[in-house]
Structures are given as C-alpha cells and as structure tokens.
Amino acid sequence: MILTQDDIQRLESFCDDTGAYFKAMIRYLDQLTAKQIREGLVTPEEVREDRDIALWYSYSWNNIGGYPLYRMTAQWMPASEKNAGGCGAWYYRYAVALLYCGEPERSLEYHEKGAREEPAYPWNWLQLGKLRAHFGDRAGALAAVEQGLSLVPGDYEFCTLRKELQEGRTLLEMENHYINPQCDQELQEQSFQDGEERRDALQKLWDIGGILAVPEGLEQNKAILRPVSWGQEDPEGFLRCTVQSGDTSFDLRFPINEAAFSRLDPKWVSGLRGWMDKESFSTCATHRTYVIQEYLVNLDGRARGTFRDPETGARYLSCVSGQPVPPPPAL
C-alpha cells in the first residue's frame, strides 16, 4: 500500500467547499508518488497498479470534468483493474470516464461488473438504469432503479431517473442532472446565480456532448472545416487536425472528442473556417515574422497560438483573437 493513513487524511482534508480541492488532491498525489519513485520506494508500475491511488486520481479528474481529464481516468485505471475486486467505486469511476470518452458500450460493461463486484454500492445501479435503457433494456433499467432505491431510499437521483425512464428520455437527457435538488433545478431552468455556476453547467453540456456522436454532424462539420488531415488525439487528449490557410498549414486543436465536435453548430464551424482563411492569420509580426504552427480552440473564448521563427526555429505562445465562444453542443 502506497498511501499511508496520514496521506489519506491529508487528501480528505481537501474536501471542503472552496471548489478548488480536486486540483489540490492531484498536486498532492503527483508530488507524493514522484518522491517515492525518486527515492526508490516504489516503481512507476506499482503506482499505476495501486487501487487507492487510482481511486483518488479518478475521483479528482472526474469531478473537475472536461474530456482530457476523463481520458486521463480512462487511461490510468486499467493497470489497477487486477486489484479492483470487490470495489464498486473503482468500476463506477472508470465506467463514468468511459461514458464521457464516447464509449457507452464499455461503460455499460464496467457498470455491470461493478454491480456484481459490490452490489451494495448504489451508484453503479444509477448508471445501469440509464445505460440499460439506452441499449433497449427498459425492464432492466427499471430494475436497476429499484435496486438503487432499496439501498438509498428516496434518493433524488434515483427518483428522477425513474420518472425520466417512464417518460422515455434519452441517455443524454438523463445525464444532464446534478446530485443536489436545488442545483439541479437551477440547471434545468438555466437560472444560475453567478458566472462560475454557469461555466460549470456549460462544461457539463460539453461533457455530455462527448458521449454519442452524430455521424451526419461529424461529416458536415469536417466538410466545412476542410482539414488536410484528421482524427488523431494528441497526448493531452485534444482532438487534432491539420488545416491550410493560404500558404501556411498548421495544427488546429479542440479540447473535445469527435462526438462533441459532431454536435458543434455548423454556423460556428463555418465562421471559424472563414476566419482562418484570412491572410493575416498565417503570420504574427513582432520585431520578426513568426509563422503559426498551432491554434488551440478553447471552449471559453480564450484562444492560444503557438508561433515559430522560420529562421531560428524559436517558438513562443501568444493569445490570438478569434471566434466567439462556441455554443454548447445540442443534446
């Protein structure tokens, strides 16, 4: 076991109401494991295989949200699966990440495993209600809800899910909820009290948009964007393609997967393509002329370009004025 009781208490101490504690957990885990590896106490493989480390990392990444972090969970968890027996939370956190990475079939598989491994852990049953219904097993979905309510009687999420199953809601609609009833009501009514709440709600829409691709939307948006190459995620989990602007080609990156890209508003994609076609976009002039190599499209309107001096190879980052914030994907 890598984490001591003191380490666990320290991680638990970050669980307050500041909203920033998930990142603090990640920093603590990064520093702790790096120190132990450096001192020869554990190997990197042992860190990856440790169930408790996996549980804390996945808890943090999943709660922060955003496709790149769900992808981190999905990539981290398999090494510790051999040590996950009997732990419903392990299967739940892995399966949730798989869902938001656009793999609902595998998510269903791991929620089913989690329910078998630890039937008394309720939250795999919650997700099974949604996923079984999505894949056509309505009776199994309702049975999962009843199993959950037997474990947590009167729970808001299970009661809401039962109602939505009876109404025939889609998987994406069933995912668009908060645990807290008041917060969920604000989410449904879009009546947020501050900017942070609105940003969280928009991030949730982006996350849900990454579950299921719209094939015709994907082809339409790719045709509008006209990429030279397409389809590979980079190490950070960003969707990457190469585009041509005038005589310059550069990488265009999105912090989403193909499923969310397929749900982008085509009018916004068209505006992005038209903006990139402007001749001024291909270079950035200071005391020298730098050629753009990469453009990161963020979801909050903050764009970032990476530029290179063609003579020296020197690189620098710069903010780039670009398109308005993309509207969240339609569910």
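A quick note: this is a predicted structure, and the numbers were derived from the prediction, not measured. (Residues numbered from 1 in each chain as written. Predicted model: local features only at pLDDT ≥ 70, side-chain atom pairs only at ≥ 80, totals over all residues. Heavy atoms only, no water.)

Here's the deal with the nonpolar core
Applicable threshold: In this description, a nonpolar core means a group of buried Ala, Val, Leu, Ile, Met, Phe, Trp, Tyr and Cys residues linked to one another through side-chain atoms lying within 4.5 Å. Exposed residues in this analysis have more than 50% of their type's maximum accessible area, buried residues have under 20%, and partly exposed residues fall in between, with area computed by a 1.4 Å probe over protein chains only. Secondary structure elements follow DSSP: runs of H or I no shorter than four residues count as helices, runs of E no shorter than two count as strands, and numbering proceeds from the N terminus. Should any heavy atoms of two residues lie within 4.5 Å, those residues are considered in contact.
Among the nonpolar cores identified, the biggest contains 59 residues, and Leu3, Leu11, Ile53 and Trp90 are the most heavily contacted of them. Considering every element that reaches this core, the biggest residue donor is helix 6 (residues 88-100), with ten residues. Once residues lying within four places of it in the same chain are set aside, the contact partners of Leu11 are Leu3, Met25, Tyr28, Leu29 and Trp56.

Considerations on the pairing of strand 5 (residues 289-296)
The side chains of a regular strand alternate between both faces of the sheet. For clarity, the cut-off: Two strands are said to pair when DSSP picks up at least two bridges between them.
The pairing of strand 3 (residues 248-254) with strand 5 spans three bridges and is classified as parallel. From the neighbouring strand, Asp251 faces strand 5, where its bridge partner is Glu294. Strand direction decides the pairing type here: strand 5 and strand 6 (residues 304-308), joined by five bridges, are antiparallel. Note that in strand 6 the partner of Val291 across the bridge is Arg308.

Describing the pattern of salt bridges
So the rule is basically this: Salt bridges are defined by distance alone: a side-chain nitrogen of Lys or Arg within 4 Å of a carboxyl oxygen of Asp or Glu.
The final tally for this structure, using the stated rule, is 14 salt bridges. For the salt bridge of Arg240 with Asp251, the shortest nitrogen-to-oxygen distance reads 2.7 Å. Taken as a pair, Arg240 in strand 2 (residues 239-245) and Asp251 in strand 3 lie far apart in primary sequence, eleven residues in all. Residue Arg240 is classed as partly exposed on the basis of its relative accessible area, which comes to 23%. A residue is classified by how much of its surface remains accessible, and Asp251, at 22% relative accessible area, is partly exposed. The residue Arg240 makes a salt bridge to Glu294 at a minimum N-O spacing of 3.5 Å. With Arg240 in strand 2 and Glu294 in strand 5, this residue pair connects regions lying 54 residues apart in the sequence.

As for the side chain of Asn124
To be explicit about the condition: The term polar contact refers here to a pair of N or O atoms within 3.5 Å; inside protein, the definition further demands a hydrogen-donor-capable atom paired with an acceptor-capable atom, and it admits residues adjacent in sequence only when both atoms are side-chain atoms.
Topologically, Asn124 is positioned in helix 8 (residues 123-134). A polar atom in the side chain of Asn124 sits 3.1 Å from the backbone oxygen of Gly88. Within the structure, the side chain of Asn124 is placed 2.8 Å from the side chain of His111, a separation counted as a polar contact.

With respect to helix 4 (residues 51-64)
Under the convention used in this document: Under the convention used throughout, the expected extent of a helix is 1.5 Å for every residue step, that is, one less than its residue count.
End to end, helix 4 covers 20 Å across 14 residues, agreeing with the expected 20 Å (1.5 Å per residue, within 8%). Taken together, the buried positions of helix 4 are Ile53, Ala54, Leu55, Trp56, Tyr57, Ser58, Ser60, Trp61 and Asn62. Buried residues belonging to helix 4 abut helix 1 (5-13), helix 2 (21-38), helix 3 (44-49), helix 5 (67-76) and helix 6. Sitting at the amino-terminal end of helix 4 is Asp50, which places a side-chain oxygen 3.1 Å from the backbone nitrogen of Asp52. Looking one or two places after helix 4, you find Gly65, whose phi comes out positive at around 80°.

What about the packing of aromatic side chains?
What counts, and what does not: The rule is short: rings of Phe, Tyr and Trp, with Trp giving its six-membered ring, pair when the centres are within 6.5 Å, and they are stacked under 30 degrees, edge-to-face over 60, tilted in between. Cation placement over rings: the criterion is NZ of Lys or CZ of Arg within 6 Å of the ring centroid and within 35° of the ring normal.
Under the defined criterion, the tally for this structure stands at 16 aromatic pairs. When the ring of Phe254 is compared with that of Phe261, the centres are 5.5 Å apart and the planes differ by 65°; the resulting orientation is edge-to-face. Note on accessibility: Phe254 and Phe261 belong to one class, buried. Here the aromatic residues Tyr21, Phe22, Trp56 and Tyr59 are joined through ring pairs into a cluster of three or more. Positioned above the aromatic ring of Trp76, the side-chain terminus of Arg48 is 4.1 Å from the ring centre. Looking at Arg253, its charged tip hangs above the ring of Phe238, at a distance of 4.4 Å from the centre.

Examining the environment of Phe22
Relative to the helices and strands, Phe22 resides in helix 2. When the C-alpha atoms of Phe22 and Trp56 are compared, they prove to be 9.4 Å apart, with 34 residues separating the residues in sequence. With near-sequence residues (within four places) excluded, Phe22 lies in contact with Tyr59, Ser60, Asn63 and Ile64.

Examining the side chain of Thr242
With respect to the helices, strands and loops of the structure, Thr242 is situated in strand 2. A distance of 3.1 Å separates a polar atom in the side chain of Thr242 from a polar atom in the side chain of Ser229. With near-sequence residues (within four places) excluded, Thr242 lies in contact with Pro227, Val228, Ser229, Ser249, Phe250 and Asp251.

Some details on helix 6
Over its 13 residues, helix 6 extends 19 Å from the first C-alpha to the last, a length consistent with the 18 Å expected when each residue adds 1.5 Å. Among the 13 residues of helix 6, twelve are classified as buried, and the element is accordingly described as predominantly covered.

A look at the environment of Asp265
Among the structural elements, Asp265 can be located in the loop between helix 15 (258-262) and helix 16 (266-276). Counting along the chain gives 63 residues from Asp265 to Pro328, while the straight-line C-alpha distance between them is 8.3 Å. Among the polar contacts listed, one links the side chain of Asp265 to the backbone nitrogen of Lys267, at a separation of 2.9 Å.

These figures come from the coordinates and say nothing about function on their own.
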